[in-house]
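Coordinates in review
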Amino acid sequence: MKIVSAKVIVTCPGRNFVTLKIHTDQGVYGIGDGTLNGRELAVVSYLEDHVIPCLIGMDPRRIEDIWQYLYRGAYWRRGPVTMRAIAAVDMALWDIKGKMAGMPVYQLLGGRSRDGVMVYGHANGADIDQTVDAVGKYIDLGYKAIRAQTGVPGIKDAYGVGRGTMYYEPADAALPSVTGWDTRKALNYVPKLFEKLRATYGFDHHLLHDGHHRYTPQEAANLGKMLEPYQLFWLEDVTPAENQEAFKLIRQHTVTPLAVGEIFNTIWDAKDLIQNQLIDYLRATVVGAGGLTHLRRLADLASLYQIRTGCHGATDLSPVTMGCALHFDTWVPNFGIQEYMRHSEETDAVFPHDYHFDKGYLFCGEAPGHGVDIDEELAAKYPYKPAYLPVARLEDGTMWNW
Ligand SMILES: O=C(O)C(=O)C[C@H](O)[C@H](O)CO
Ligand SMILES: [Mg+2]
């Protein structure tokens, strides 16, 4: 069996997606996601100019060998562009293997560990009252877990407060828009949101919050401590994780569960965090961390330390990644939760899929492969549109982490 051709499809049904389609000499094809929000065309070039020429003639059944070939063979290891390109190939190859075997991907991974995949939705509002109302709407929709982000008085366009209630699309401008940040203001306000959420809805639902890399380790420890009475499911990306040791300081001061890793590319980004038990949930996902082949290595290492998975699932990850993630989540023994930011109707139409939401859970389908396809004719109607993530600056103009 051989790979005979592969192509990259870029489409923008409301936001940009990079999709790889690999064809084999047996008439079977596979689909993979390589979207890198705000830097999409770098992955397109990496795939078209440097990966696809090497794939032609290879045996698509050799998923592991092709992964090693693209990782070790590049010499230049890791990084978001390389690892997303590898992920796109990997997803397409698992899709092909599933179709050849007549089995859904979760069966190939080892079979079902659970009936459904618990997800969390994104509630946000301009202030505490609006955010509390938004959480109520998610509860009415049957969600068991909800991430809550609020606008903060005095902070321009605080992270997580989007346009619309069901979609949050931060990559919103042809050049990066400038948002603000002020830790003092956030520390004054965010705990009050969770106080009000618990007072309004009680403690039956899981609540989550994303610090989006804004706090220093000391500030993060302070926030974690202040949030303890509200029993969060997790506090995410509370400080940047390039320095994995930084989490020791946070851990010493708070029992609020910590999640990190949506920007991790490989197991090396998470190794010390995992082995020192500095986090509780790992946010790495299929497109970010080199596909299913590499993500399961991360999950296995994490399982030795009772750390559970919580795959990134924002809308910049295409339905192809969501499909793969749901097969992974259905299998992985140390599953924690799956993020689920709904895609727009236009996106869902471009990527027909067989997963579905019901009462706070997502369910992957039983179609052979990962169950997500691309309607190329429809995709062609939505050409690429440059869109950047925002940047963040402090009040005095200093560049900060968005
Ligand atoms: O979903 C989350 O937790 C995020 O932090 C979303 C990110 O801002 C988004 O994926 C950036 O492209
Ligand atoms: Mg996040």
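Residues numbered from 1 in each chain as written. Chains lettered and ligands numbered in written order. Predicted model: local features only at pLDDT ≥ 70, side-chain atom pairs only at ≥ 80, totals over all residues. Heavy atoms only, no water.

As recorded in an unreviewed UniProt entry, the protein chain goes by D-mannonate dehydratase and comes from Sphingomonas trueperi. What the UniProt record of the protein chain gives under Sequence similarities (unreviewed entry) is the line "Belongs to the mandelate racemase/muconate lactonizing enzyme family. GalD subfamily." Check the Pathway (unreviewed entry) section of the UniProt entry for the protein chain; it says "Carbohydrate metabolism; pentose and glucuronate interconversion." (UniProt positions renumbered as here; feature names shortened; annotations may be inferred.)

Topic: the sheet that holds strand β16 (residues 399-400)
If you trace the three strands from one edge of the open sheet to the other, you get β6-β15-β16, paired in mixed fashion. The open sheet is flanked by β6 (178-181) and β16, the only strands paired with a single partner. Direction of pairing for strand β15 (residues 391-394) relative to β16: antiparallel, over a ladder of two bridges. Bridge pairing in β16 places R393 opposite M399. (Pairing = 2+ DSSP bridges. Helix = DSSP H or I, 4+ residues; strand = E, 2+ residues; numbered from the N terminus.)

Focus on the domain arrangement of the protein chain
Once the domains are mapped, the protein chain shows domain 1 (3-104) and domain 2 (109-366). Its C-alpha centre places domain 1 at a distance of 26 Å from the equivalent point of domain 2. On the side of domain 2, 34 residues touch domain 1, which itself brings 27 residues to the contact. Carbon and sulfur atoms supply 59% of the area that domain 1 and domain 2 bury against each other, a total of about 2,400 Å² over both sides. Connecting domain 1 to domain 2 are three salt bridges. The closest approach of N and O atoms between R78 and D269, which form a salt bridge, is 2.9 Å. At the junction of domain 1 with domain 2, the criterion picks out 13 residue pairs in polar contact (both at pLDDT 80 or more). (Domains from an automatic or database assignment. Contact = heavy atoms within 4.5 Å. Buried area = accessible area lost by both parts, 1.4 Å probe. Salt bridge = Lys/Arg side-chain N within 4 Å of Asp/Glu carboxyl O. Polar contact = N/O pair within 3.5 Å; in protein donor to acceptor, adjacent residues only side chain to side chain.)

A few points about the site of ligand 1
For ligand 1, the set of nearby residues contains 15 residues, the closest of which are N37, H212, E262, D316 and E339. With respect to ligand 1, the side chain of D210 contributes an N or O atom lying 3.0 Å from an oxygen atom. When isolated, ligand 1 has an accessible area of 330 Å², and the protein chains bury 94% of it. Structurally, ligand 1 is housed in the largest pocket. Looking at the shell around ligand 1 residue by residue, the class counts come to four nonpolar, four polar and seven charged. (Near = heavy atom within 4 Å. Areas by Shrake-Rupley, 256 points an atom, 1.4 Å probe, with all protein chains shown as cover. 1 Å grid on protein atoms, 1.4 Å probe; cavity = no way out; pocket = protein on both sides within 12 Å on 5 of 7 lines; lining within 4 Å. Sits in = over half its atoms within 2 Å of the grid points. Nonpolar A, V, L, I, M, F, W, Y, C, P; charged D, E, K, R; others polar.)

Notes on the packing of aromatic side chains
According to the stated counting rule, one finds 14 aromatic pairs in the structure shown. When the centroid spacing of 5.5 Å and the interplanar angle of 85 degrees are considered together, the rings of F17 and F351 count as edge-to-face. Here F17 is found in strand β2 (residues 17-24), whereas its partner F351 is found in the loop between α12 (345-350) and β13 (356-358), with 334 residues between them in sequence. For the pair shown, F17 and F351 are each scored as buried. Grouping aromatic residues by their ring pairs yields a cluster made of Y120, F233, W234 and Y281. Over the ring of Y29 we find K21; its NZ or CZ atom is 4.3 Å from the centre of that ring. Positioned above the aromatic ring of Y106 is the side chain of R112, whose terminal nitrogen or guanidinium carbon lies 4.7 Å from the ring centre. (Phe/Tyr/Trp six-rings, centres within 6.5 Å; stacked < 30°, edge-to-face > 60°. Buried < 20%, exposed > 50% of the residue type's maximum accessible area, 1.4 Å probe, protein only. Lys NZ or Arg CZ within 6 Å of the ring centre and 35° of its normal.)

Let's talk about the confidence of the model for the protein chain
In the predicted model, the protein chain carries a mean pLDDT of 97, and the fraction of residues at 70 or more is 99%. With pTM at 0.97, the complex prediction returns an ipTM value of 0.99. (pLDDT = per-residue confidence, 0-100.)

Considering unusual backbone geometry
Peptide bonds are, in most cases, trans, and in most cases residues other than glycine have a negative phi. Positive phi, normally seen in glycine, also occurs at H213, with a value near 65 degrees. Here H213 lies in the loop between β7 (206-210) and α7 (217-227). Of note, Q277 is a non-glycine position whose phi angle comes to about 50 degrees, a positive value. Note that Q277 resides in the loop between α9 (267-275) and β10 (281-282).

Points about the sheet that holds strand β3 (residues 29-33)
Strands sit in the order β1-β2-β3 across an open sheet of three strands; the sheet is antiparallel. Two strands bound the open sheet, and with one partner strand each, they are β1 (3-11) and β3. Across the sheet, the mean angle from the axis of one strand to that of its neighbour is 20 degrees, orientation sign disregarded. Here β2 pairs with β3 via five bridges, running antiparallel. For H23, the partnering residue across the bridge sits in β3 and is Y29. (Axes fitted to C-alpha atoms, helices over the stretch in contact; angles between N-to-C directions.)

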